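# A structural walkthrough
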Amino acid sequence: MFTGDYYEAGEAFLKGLEDLIKEHGSGDTKLEFDGNAECVLAFQERFAVVLALDTELGAIIVTIPIAPLPGDGSIVEVMSEMLCGNYAWNLTEGGTLAVDRATSLIVLNYLIPLPLDPPESAGAILAKLLDVCDYWDRKIRSLAQTGGWVEEIPQGFLRA
């Protein structure tokens, strides 16, 4: 299957998540990479966390879906808030907010270079990212409930 230093470092990263999994994860969570070098974890029945081991980059790529992109007028305000939150990683703790093109889900992505020293810090990193996702989930849902704000662009505003 997978071998090498980065794979071993990735497994050490997963082992570093054990305490967090016991505290917040589901009881049947397996801390191992599948055939695609991914490990999917569920937290508090709210967030699915995808940990992808990229041996070429020598990193774990964390992807956490947060909420669907609103399909109504609030999309403008949501996207504006996301851009402001991404600015200098202001409200993302070093992660990047994005929209997955295939699913239209708002996600948080985060890159963790390997080896992580100490591997036990993996739990603190993931807990921090889950707090970020909780903030953005509440923010997005709040904006979507208010219907957002869309400014009408006057005719003739855009000129060739």
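Refer to the structure printed above.
Residues numbered from 1 in each chain as written. Predicted model: local features only at pLDDT ≥ 70, side-chain atom pairs only at ≥ 80, totals over all residues. Heavy atoms only, no water.

### Some words on the overall build of the protein chain
Regarding its fold elements, the protein chain presents four helices and five strands. Starting at the N terminus and walking to the C terminus, you meet the elements of the protein chain as α-α-β-β-β-α-β-β-α. Per-residue burial for the protein chain yields a buried fraction of 34% across its 160 residues. Sequence-distant contacts in the protein chain: of pairs separated by 6 or more residues, those separated by 24 or more amount to 58%. Accessible area of the protein chain: about 9,800 Å², with a carbon and sulfur share of 53%. (Helix = DSSP H or I, 4+ residues; strand = E, 2+ residues; numbered from the N terminus. Buried < 20%, exposed > 50% of the residue type's maximum accessible area, 1.4 Å probe, protein only. Contact = heavy atoms within 4.5 Å. Areas by Shrake-Rupley, 256 points an atom, 1.4 Å probe, with all protein chains shown as cover.)

### So, the pattern of salt bridges
Inspection of the entire model under this criterion finds six salt bridges. In this structure, the salt-bridge partner of Arg-138 is Asp-134, at a minimum N-O distance of 3.1 Å. Here Arg-138 pairs with Asp-134, and both are found in helix H4 (residues 122-146), just four residues apart, close to one helical turn. Put simply, Arg-46, Asp-134, Asp-137, Arg-138 and Arg-141 are held in one network by salt bridges that share partners. (Salt bridge = Lys/Arg side-chain N within 4 Å of Asp/Glu carboxyl O.)

### Looking at the sheet that holds strand E2 (residues 47-54)
Taken together, five strands build an open sheet; the order of strands is E1-E2-E3-E5-E4 and the sheet is antiparallel. Strands with a single pairing partner mark the edges of an open sheet, and in this sheet they are strand E1 (38-43) and strand E4 (96-99). Each adjacent strand pair in this sheet contributes to an overall mean axis angle of 25 degrees, direction not counted. One ladder, built from six bridges, connects E1 with E2; its direction is antiparallel. By the bridge assignment for E2, Phe-43 is matched with Phe-47. With respect to the sheet, helix H1 (residues 5-15) is in contact with E1, E2, strand E3 (59-68) and strand E5 (105-113), its orientation differing from that of E2 by roughly 155 degrees. The strands touched by H4 within the sheet are E1, E2, E3, E4 and E5, with E3 carrying the most contacts at an inclination of about 20 degrees. (Pairing = 2+ DSSP bridges. Axes fitted to C-alpha atoms, helices over the stretch in contact; angles between N-to-C directions.)

### Side note on the environment of Gly-123
If you trace the backbone, Gly-123 turns up in helix H4. Residues within four places of Gly-123 in sequence aside, it is in contact with Gly-16, Leu-17 and Leu-20.

### Brief notes about the nonpolar core
If you look at the biggest cluster of nonpolar residues, it comprises 40 residues, and the most contacted ones within it are Phe-13, Leu-51, Val-62 and Leu-126. Counting only elements with at least two residues in this core, the list comes to H1, helix H2 (18-24), E1, E2, E3, helix H3 (74-86), E5 and H4. Per-element tally for this core: the top contributor is H4, with 10 residues. Leaving out residues up to four positions away in the same chain, Leu-126 has contacts with Leu-17, Leu-20, Leu-41, Phe-43, Val-49, Val-62 and Ile-64. (Core = buried A, V, L, I, M, F, W, Y, C linked by side-chain atoms within 4.5 Å.)

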